[in-house]
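Single-letter residue listing:
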Amino acid sequence: MPDRIVITAATGNIGSKLAEILLSKGKRIKVIGRDDKKLEAFKMKGADVYEGNAEKASDMKRAFMGGSALFALIPPNYAATDPRAYQNKVGQAYADAIAEAGIKEVVNLSSVGAHLSEGNGLIAGLYDQEQRLNSMRGVSVVHLRPGYFMENLFWNMDSIRKSGIAGSPLKGDVALPMIATRDIASIAAVQFLVGVEGKSVQELMGQRDLTLNEATAAIGKAIGKPDLKYVQFPYADAEKSMVGMGMSLESAQLTNEMNKGFNEGIIKPSTGRKPENTTMTSIEEFAQHFAEIYKKGG
Ligand SMILES: NC(=O)c1ccc[n+]([C@@H]2O[C@H](COP(=O)([O-])OP(=O)(O)OC[C@H]3O[C@@H](n4cnc5c(N)ncnc54)[C@H](OP(=O)(O)O)[C@@H]3O)[C@@H](O)[C@H]2O)c1
């Protein structure tokens, strides 16, 4: 069992929930983020804190020192003009730091579709990271490959409020494995508690497959807009809007490549649904959480 678990992206969706679970189990953890003020709450609960940038190999070497296990997540950087090069830079920084710190167990956050080296948009960089970690001798790694995050539905909050529309370039009637990030954190925690051995992949498919039409209907019901409809946006319009929100053109194009991959059935789980890859949180539960934030104006 690991002595001290290092958590990257600890203020993010998954990292923050994982840190809470491990602290509640009495585990020693070291949380990493770019601003230690945002990590203060974990410090108060006994976590070690490290402020550093994942793009800087020297920062990650210092951050991982003293750790015996690692939760590795390459943070999204939508401003990157070469997203795969960015992901590889962070991925290599992690690998070098794992080797230098002598970390023996890694839970790597990957994605559904990361068995493909291309044609999967931003997921290709996660394919690279799986290969990089698999090549490390003496390091046990489990690659978690979750499906579409339910939290992505928050991207629609503004447009629901302002124009009563929820949408994206994904087709409304394609069934996706959709998962709440708290379930990913729970599975990651279990991996650390039981111990990581060898090299393996664990796909995480959420409670059930869902289309965006169904997910939007659940959100609409929870927020008191039962007529809320999902709209599929044209790729070109979505690209323009992503760039308008500050994404690099390259990131927007790769996001669309990923959307096409889902729409055309190229990005999908490589195994069928089983109890081991099915998690707890239903869209109806997530929709209640969405509604609480929506009603507070968040
Ligand atoms: N969205 C999906 O449907 C989906 C599906 C499968 C896999 N994924 C993968 O899931 C990952 C995202 O997970 P998440 O939602 O938990 O992440 P997230 O909420 O976006 O959090 C990422 C965290 O990383 C930190 N960060 C950002 N840039 C950093 C840097 N340069 N150095 C150090 N820390 C940095 C940020 O914290 P600070 O600002 O505090 O530093 C942020 O809180 C991505 O790798 C994505 O590919 C996503």
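Residues numbered from 1 in each chain as written. Predicted model: local features only at pLDDT ≥ 70, side-chain atom pairs only at ≥ 80, totals over all residues. Heavy atoms only, no water.

Student: Could you give an account of the pairing of strand S6 (residues 140–146), naming the residues involved and the relevant values?
Tutor: Burial analysis of S6 places seven of its seven residues in the buried class, which makes it a mostly covered element. Tracing the backbone out of strand S5 (residues 105–109), into helix H5 (residues 124–134) and back to the parallel element S6 gives a crossover that is right-handed. As defined by bridge partners, S6 adjoins strand S10 (residues 199–204) across six bridges and the pair is classed as parallel. What sits directly across from arginine 145, in S10, is glutamate 203. (Buried < 20%, exposed > 50% of the residue type's maximum accessible area, 1.4 Å probe, protein only. Helix = DSSP H or I, 4+ residues; strand = E, 2+ residues; numbered from the N terminus. Right-handed = clockwise from strand over helix to strand, strands pointing away. Pairing = 2+ DSSP bridges.)

Student: Give a description of the nonpolar core that names residues and reports values.
Tutor: Counting residues in hydrophobic clusters, the biggest one holds 59 residues, and the most contacted among them are Met60, Phe64, Ile98, Val106, Ile219 and Phe290. Counting residues per element, this core draws most heavily on helix H4 (residues 83–101), which supplies eight residues. If we skip the residues at most four places from it in the chain, phenylalanine 64 touches Val6, Thr8, Lys30, Ile32, Leu70, Tyr94, Ala97, Ile98, Ala101 and Ile103. Grouped together as the second largest cluster of nonpolar side chains are 30 residues, Ile5, Leu22, Leu73 and Phe149 included. (Core = buried A, V, L, I, M, F, W, Y, C linked by side-chain atoms within 4.5 Å. Contact = heavy atoms within 4.5 Å.)

Student: Explain the packing of aromatic side chains to me, using residue names and the numbers behind them.
Tutor: One pass over the full model with this rule turns up four aromatic pairs. Note on phenylalanine 154 and phenylalanine 290: the rings are 5.4 Å apart at their centroids and 5° apart in plane angle, and the pair reads as stacked. Placement of the pair is phenylalanine 154 in the loop between strand S7 (148–149) and helix H6 (157–163) and phenylalanine 290 in helix H11 (residues 283–295), with a sequence separation of 136 residues. Residue classification places phenylalanine 154 among the partly exposed residues on the basis of a relative accessible area of 23%. Geometrically, the ring pair formed by phenylalanine 290 and tyrosine 294 is stacked, given 6.3 Å between the ring centres and 20° between the ring planes. Taken together, the positions of phenylalanine 290 and tyrosine 294, both in helix H11 and four residues apart, correspond to about one turn of that helix. Among the aromatic residues, those joined into a cluster by ring pairs are Phe154, Phe286, Phe290 and Tyr294. One residue, lysine 260, lies across the ring of tyrosine 235, its end atom 4.9 Å from the ring centre. (Phe/Tyr/Trp six-rings, centres within 6.5 Å; stacked < 30°, edge-to-face > 60°. Lys NZ or Arg CZ within 6 Å of the ring centre and 35° of its normal.)

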